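# Report on the structure
This is what each chain is made of:
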Amino acid sequence: MKKEEIMQAINEVDDDLLISAQKARRKHRQNQKHQSMIKTAVILTAAASLIVVISWQMHHQTDNPTTIIEPGRDTEEKTILTLNKTITDGMGMSVVMYPDIKKETDYNPWDISMNLSALPVYEKKTDSNGEPMDLSKEEMLSLLQEYADRFGFQITEEPLSSFTAEGNTFSLTAKTKEAQLSCYADGEITVFFNKEYAPRIPESLKLNVDDLSKEEAEATATYLSEMFGYLLGEDETVWDIGGDFGYHYQPSEDLGEKEGLFRNRHYILYQKGCDDTETILNYAFHHMQIWGYDIDHPNQIDGIRILNKMSAYQETDEYPLISLEEAYEQLLKGYCIANAGGILPDADTETGDVQLVYWDNQICNYALPCYLFMMDITDALKEQIGLYIEGVRQYGLYYVPAIDPKYYKWTENDISEQRK
Amino acid sequence: MEDKDIIELYWQRDETAIRETDIKYGSYLHAVAFNILNDREDAKETTNDTYLKTWNSIPPQKPSAFLVWLSRITRSLAIDRLRFLTRKKRGTSQYDISLEELEECIGGETAVKEYELSILKDMINSFLRCYSEKQRNLFLCRYFYFDSLKEASAACGFSEASAKTQLFRMRTALKEYLAKEGFLS
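On a predicted model such as this, the values are computed, not experimentally measured, just so you know.

Helix and strand content of chain A: 7 helices and 19 strands. Across the 420 residues that make up chain A, the buried fraction comes to 53%. Counting only contacts in chain A whose residues sit at least 6 apart along the sequence, the fraction spanning at least 24 positions is 69%. Accessible surface computed for chain A: about 19,700 Å², of which carbon and sulfur atoms make up 47%.

The following block contains the structure:
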């Protein structure tokens, strides 16, 4: 056999084997870019007064390589997660409102047909004392400078620290002629444009009108993708123009608010990954939100927020997923994370929609995949709290961990015990 | 643009299909070619040849994994191009290094018949499926994509030393497998 012939045979390797290798290479390249950005920024920032110019092609992805599970690996090696429930009867409920959620387009990238068998779980980075380890001041400074460069802005004065506590800097804010940029310790970047420099989309498109139709919003989102997609990276940009309804009890003429219902549509852009998992992770951890609120200029962009959540996390492992049916059983037992006025759904509660999302909050140390059940609790809210709004149904948000229950335990205050 | 939409453009003989392919995968394919040819101009020409071959192949073909399909064409064209280049350019690319490594797996330089190549392809697939995903990825990063040992090991989660050992063992096992099936003289 000639050596070229074996090379030729390797060229005909099955597609699924090549796809797997392709995925590993691509993830590695993205991680390399992120690591290089952080390292370069810290080195150059230490020299003071140097402006870091980083190519806009860098991605903000996890700075730890993905751990791929070897088949047959002993599952006992996986970390057992400790999760908190937050079920309260207090204010600030996690509830969304729609006339009928079943008639809404679900823009979440997950679909049940994806047949995902496992997804990564991320843990908040901690230092040697177990304290959360977010971005350092130098890293935030370099991120600020990087995004200023991407927008073509020049920072006009030394970024001022804001919200500093116990020696930790939680955010940095810099001013440019065109905008105010803030970087937060979890890697989030927020840009508030100064009015005279706020970018505008064509007048035929609108950003902040309450009664925008789905088609009009799609046209706006498409334009925004072309305009700002580069801020996320070089892959295809996709969008989410969902958002629920709100109610103006005390309308404001200044803000153009009329009494009654309004649509809270959002414009979220994210990158399509090389596979379904990467797309879901991009949507969860590295997306951009664009908004406008000037009622006199409905085509004006007033702000942009870019999430780089992986800055604050490290990957622990990939965990096997349970099915939607198994998750629903967990939900009925009360094993979920929720804040819906203390109301838990039962077998008679109608399911509005289910998505697969990543859930994380200040209390929990993990970002983990969850089935988000949106359950119609309109009647229960009316009966138990006296909360009711004409024209909309109210859907409580219930997060059921999508990973196999043998890999996590709940902390105390587990009200599911009441259900048993 | 979704792969299926790009492929549809080829079917409709819309020349924007080539532009869309270039936008989405141009840099990736260029990197595949460069790993073999170690020359930017040659890699660029190979990438352009890939588009031409794709245009001439779709239809009737309708690849289900578009990037994999394109990668195969680019790799194959790059290897063919390399064979015609001067001796001087050889020995510096990852392709040549990988080729030298794989020489361990083969016997003499007797040409394999065409039908035997098809069997050889199936055997390589079967061989690879005996290994974990991580090990398979390492093998393919090195011998399909011609990544350097450093890059291949990092992409697949091995240390360089461990990757080197893994690849050595896989080549040895492949040689034994091919010998057992009568492919080696």
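For the rest of this paragraph, the subject is the overall build of chain B. Along its length, chain B carries 9 helices and 0 strands. When the helices and strands of chain B are placed in sequence order, the string is α-α-α-α-α-α-α-α-α. A total of 185 residues make up chain B; the buried ones form 50% of that total. Intrachain contacts of chain B at a sequence separation of at least 6 include 64% that bridge at least 24 residues.

Further remarks concern helix α8 (residues 149–156) of chain B. Note on helix geometry: an α-helix contains 3.6 residues per turn, so any two residues three or four positions apart are oriented the same way. Buried within α8(B) are the following residues: B:Leu149, B:Ala152, B:Ser153, B:Ala155 and B:Cys156. What you see down the axis of α8(B) is that its buried residues fit within an arc of 165°, all on one side.

Residues and elements named next belong to chain B. Helix α3 (residues 40–57) packs onto helix α2 (residues 16–37) with a crossing angle of 130° between their chain directions and a minimal axis gap of 8 Å. It follows that α2 is oblique to α3 by the angle criterion. Judged by the sense of rotation from one axis to the other, the crossing of α2 with α3 is right-handed. Seen from α2, the contacting residues are Ile-18, Thr-21, Asp-22, Gly-26, Leu-29, His-30, Ala-33, Phe-34 and Leu-37; seen from α3, they are Arg-40, Asp-42, Ala-43, Lys-44, Thr-46, Thr-47, Thr-50, Tyr-51 and Trp-55. Each residue belonging to the contact of α2 with α3 can be placed in one class, and the counts come to 8 nonpolar, 6 polar and 4 charged.

The N-to-C vectors of helix α1 (residues 3–11) of chain A and helix α4 (residues 66–83) of chain B enclose an angle of 165°; their axes lie 10 Å apart at closest approach. Relative to α4(B), α1(A) is oriented roughly antiparallel. For the element pair α1(A) and α4(B), the recorded crossing hand is left-handed. Here α1(A) contributes A:Glu4, A:Met7, A:Ile10 and A:Asn11 to the contact with α4(B), which in turn contributes B:Arg72, B:Arg75, B:Ser76 and B:Arg83.

Counting from both sides, the interface comprises 52 residues of chain B and, opposite them, 32 residues of chain A. Area buried by chain B at its contact with chain A is led by B:Tyr28, B:Arg72 and B:Arg129, which between them contribute 13% of it. At the boundary of chain B and chain A, one finds 5 salt bridges. Connecting chain B to chain A are 15 residue pairs in polar contact (both at pLDDT 80 or more). When contributions to the side of chain B that touches chain A are tallied by element, the ones reaching two or more residues are α2, α4, α5 (94–102), α6 (114–129), α7 (133–143), α8 and α9 (160–180) of chain B. Looking at the side of chain B that touches chain A element by element, the count peaks at 8 residues for α7(B).

What follows deals with the environment of A:Pro120. All names here are of chain A. Here Pro-120 is to be found in strand β3 (residues 118–124). A relative accessible area of 2% means that Pro-120 is categorised as buried. Separated by 200 residues in sequence, Pro-120 and Pro-320 have C-alpha atoms that sit 8.9 Å apart.

Here we come to the environment of B:Arg136. Relative to the helices and strands, B:Arg136 resides in helix α7. B:Arg136 sits 31 residues away from B:Leu167 along the chain, and the two C-alpha atoms are 9.8 Å apart. Apart from residues lying up to four places away in sequence, B:Arg136 is in contact with A:Leu17, B:Leu128, B:Arg129 and B:Tyr131. Within the structure, the side chain of B:Arg136 is placed 2.9 Å from the backbone oxygen of B:Tyr131, a separation counted as a polar contact.

Before going further, it helps to examine a negative patch on the surface. All names here are of chain A. On the surface, a cluster of negative charge is made up of Asp-210, Asp-211, Glu-215 and Glu-216. Here Glu-216 lies in helix α4 (residues 214–228). A residue is classified by how much of its surface remains accessible, and Glu-216, at 41% relative accessible area, is partly exposed.

Attention now goes to the pairing of strand β16 (residues 351–359) of chain A. All names here are of chain A. Across the 9 residues of β16, 8 count as buried, placing the element largely inside the fold. Pairing of β16 with strand β17 (residues 366–376), which is carried by 8 bridges, proceeds in the antiparallel orientation. Its bridge partner lying in β17, Tyr-358 is registered against Pro-369.

Time to look at the state of the cysteines. Residues and elements named next belong to chain B. This model, assessed by the stated rule, comprises 0 disulfides over all chains. No disulfide involves Cys-141; its nearest neighbouring cysteine sulfur is the one of Cys-156, lying 3.9 Å away. For Cys-141, a relative accessible area of 0% translates into the label buried.

Let's shift gears to the nonpolar core. Grouped together as the largest cluster of nonpolar side chains are 65 residues, with contacts concentrated most on A:Ile10, B:Phe66, B:Leu128 and B:Leu140. When residues in this core are grouped by element, the largest group, 9 residues, is from α4(B). Beyond its immediate sequence surroundings of up to four residues, B:Phe66 is in contact with B:Asp3, B:Ile6, B:Ile7, B:Tyr10, B:Thr21, B:Tyr25, B:Thr54 and B:Ile58.

Quick notes on the rules
Residue positions within a chain follow its written sequence, with the count starting from 1. Note on labels: chains are lettered from A, ligands numbered from 1, in written order. Reporting in this predicted model follows two pLDDT cut-offs: at least 70 for local features of residues, and 80 or more for side-chain atom pairs to be given and counted; totals over whole chains, interfaces and linings ignore these cut-offs and use all residues. The basis for every side-chain value is the complete set of non-hydrogen atoms in the structure, without hydrogens or water. Numbered from the N terminus, helices here are DSSP runs of H or I no shorter than four residues, and strands are runs of E no shorter than two. Accessibility here uses a 1.4 Å probe with only protein chains present; expressed as a share of the type maximum, an area under 20% marks a residue as buried, one over 50% as exposed, and anything in between as partly exposed. Here, two residues are considered to be in contact whenever any of their heavy atoms come within 4.5 Å of each other. Accessible areas in this description were obtained via Shrake-Rupley with a 1.4 Å probe; residue shielding takes into account the shown protein chains only. Here the arc refers to the set of directions running from the helix axis out to each C-beta atom. The angle between two axes is taken between their N-to-C directions and runs from 0 to 180 degrees, where each axis is a line fitted to C-alpha atoms and a helix contributes only its stretch in contact. For classification, angles of less than 35 degrees are called roughly parallel, those exceeding 145 degrees roughly antiparallel, those between 65 and 115 degrees roughly perpendicular, and all remaining angles oblique. Handedness of a crossing follows from how the near helix is turned relative to the far one, being left-handed for an anticlockwise turn of less than a right angle and right-handed for a clockwise one. In this classification, Asp, Glu, Lys and Arg are treated as charged, Ala, Val, Leu, Ile, Met, Phe, Trp, Tyr, Cys and Pro as nonpolar, and every other residue, Gly included, as polar. Defined in terms of a 1.4 Å probe, buried area is the accessible area two parts forfeit on being brought together, summed over both. Here a salt bridge means any side-chain nitrogen of Lys or Arg lying within 4 Å of a carboxyl oxygen belonging to Asp or Glu. Contacts described as polar in this section are N or O atom pairs within 3.5 Å, which, within protein, must combine one atom able to donate a hydrogen with one able to accept it, while residues neighboring in sequence count only if both atoms come from side chains. Patch building starts from residues that exceed 30% relative accessible area and form no salt bridge, then joins like charges within 9 Å and nonpolar side chains (Val, Leu, Ile, Met, Phe, Trp, Tyr) within 5 Å. By the counting rule applied here, Lys and Arg register as positive and Asp and Glu as negative, while His and the ends of each chain are not counted. By convention, charge coordinates are those of NZ in Lys, CZ in Arg, CG in Asp, or CD in Glu. One bridge is not enough; two strands pair if DSSP finds at least two bridges between them. Two cysteine sulfur atoms form a disulfide, by the criterion used here, when they sit within 2.5 Å. Among buried residues, the Ala, Val, Leu, Ile, Met, Phe, Trp, Tyr and Cys ones that are joined through side-chain atoms within 4.5 Å form a nonpolar core.

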